[in-house]
Amino acid sequence: MNNCDHFNVADLKTDSEYVCQECVKTGDTWVHLRTCQTCGGTHCCNSSKNKHATKHFLATGHPVVISAEPGERWAWCYEDEVFIRY
Ligand SMILES: [Zn+2]
Ligand SMILES: [Zn+2]
Ligand SMILES: [Zn+2]
């Protein structure tokens, strides 16, 4: 089992804009949203056709996202492949 040293719940980043910033540029739609814990950017999940959250990790190496969905309190670390409830 992997451990994640990247996620710090005391420094939780949320985004006031509840949209995928990349999908908005191209006029696409998304299913769920994830917020990057390094830069605070919000992107769409892997159920969305553009998978911008995963693309953001691959492009930037920012390892941790949280669910941006209201009422959901969990994080995912791409680097450690670990699911974190907080
Ligand atoms: Zn990690
Ligand atoms: Zn997107
Ligand atoms: Zn980021």
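As a starting point, this report considers the structure included with it. A quick note: this is a predicted structure, and the numbers were derived from the prediction, not measured.

Criteria and thresholds
Residues numbered from 1 in each chain as written. Chains lettered and ligands numbered in written order. Predicted model: local features only at pLDDT ≥ 70, side-chain atom pairs only at ≥ 80, totals over all residues. Heavy atoms only, no water. Helix = DSSP H or I, 4+ residues; strand = E, 2+ residues; numbered from the N terminus. Rg over C-alpha atoms; globule rule 2.2 N^0.38 Å. Buried < 20%, exposed > 50% of the residue type's maximum accessible area, 1.4 Å probe, protein only. Contact = heavy atoms within 4.5 Å. Areas by Shrake-Rupley, 256 points an atom, 1.4 Å probe, with all protein chains shown as cover. Lys, Arg positive; Asp, Glu negative; His and termini not counted. Charge placed at Lys NZ, Arg CZ, Asp CG, Glu CD. Donors = N, O, S within 2.8 Å, 3.2 Å for Na, K, Ca; no water. Tetrahedral: all angles 85-135°; square planar, octahedral: opposite > 155°, others 65-115°. Pairing = 2+ DSSP bridges. Axes fitted to C-alpha atoms, helices over the stretch in contact; angles between N-to-C directions.

All right, on to the overall build of the protein chain then. Each helix and strand counted, the protein chain has 2 helices and 5 strands in total. For the protein chain, the sequential pattern of α-helices and β-strands runs α-β-β-α-β-β-β. A compact globule built from 86 residues would reach a C-alpha radius of gyration of about 12 Å, and the protein chain, at 12 Å, matches this within 12%. Dimensions of the protein chain along its principal axes, counting C-alpha atoms only, are 40 × 25 × 20 Å. Looking at the protein chain as a whole, 42% of its 86 residues qualify as buried. Expressed as a percentage of contacts within the protein chain between residues at least 6 apart in sequence, the contacts between residues at least 24 apart total 45%. As displayed, the protein chain offers around 5200 Å² of accessible surface, 48% of which is attributable to carbon and sulfur atoms. Between the centroid of the 8 positive side chains of the protein chain and the centroid of its 11 negative side chains there is a distance of 5 Å.

Distances from the zinc ion (ligand 2) to its protein donors, C20 (SG), C23 (SG), C44 (SG) and H52 (ND1), fall within 2.0 to 2.3 Å. Every donor counted, the 4 donor atoms about the zinc ion (ligand 2) form angles of 105 to 117° at the centre, which fits tetrahedral coordination. If you list the donors of the zinc ion (ligand 2) from N- to C-terminus, the spacing comes out as C-x2-C-x20-C-x7-H. On the criterion of sequence distance, the pair formed by C20 in the segment before helix 1 (21-26) and H52 in helix 2 (residues 52-60) is long-range, its members being 32 residues apart. The pair formed by C20 and H52 is uniform in burial state, with each residue classed as buried.

Turning our attention to the sheet that holds strand 5 (residues 82-85). One open sheet accounts for 5 strands, arranged 2-1-3-4-5; its pairing is antiparallel. Looking at the sheet topology across the chains shown, the edges are occupied by strand 2 (42-44) and strand 5. Looking at each pair of strands side by side, their axes are set apart by 30° on average, direction ignored. In this sheet, strand 4 (residues 74-77) lies alongside strand 3 (residues 64-67) in antiparallel orientation, the contact comprising 3 bridges. Bridge assignment links V64 to a residue of strand 4, and that residue is C77. Contacts from helix 2 reach strand 1 (33-36) and strand 2 within the one sheet, and its direction differs from that of strand 2 by about 120°.

The quantities given are spatial measurements derived from coordinates; they are silent on function.
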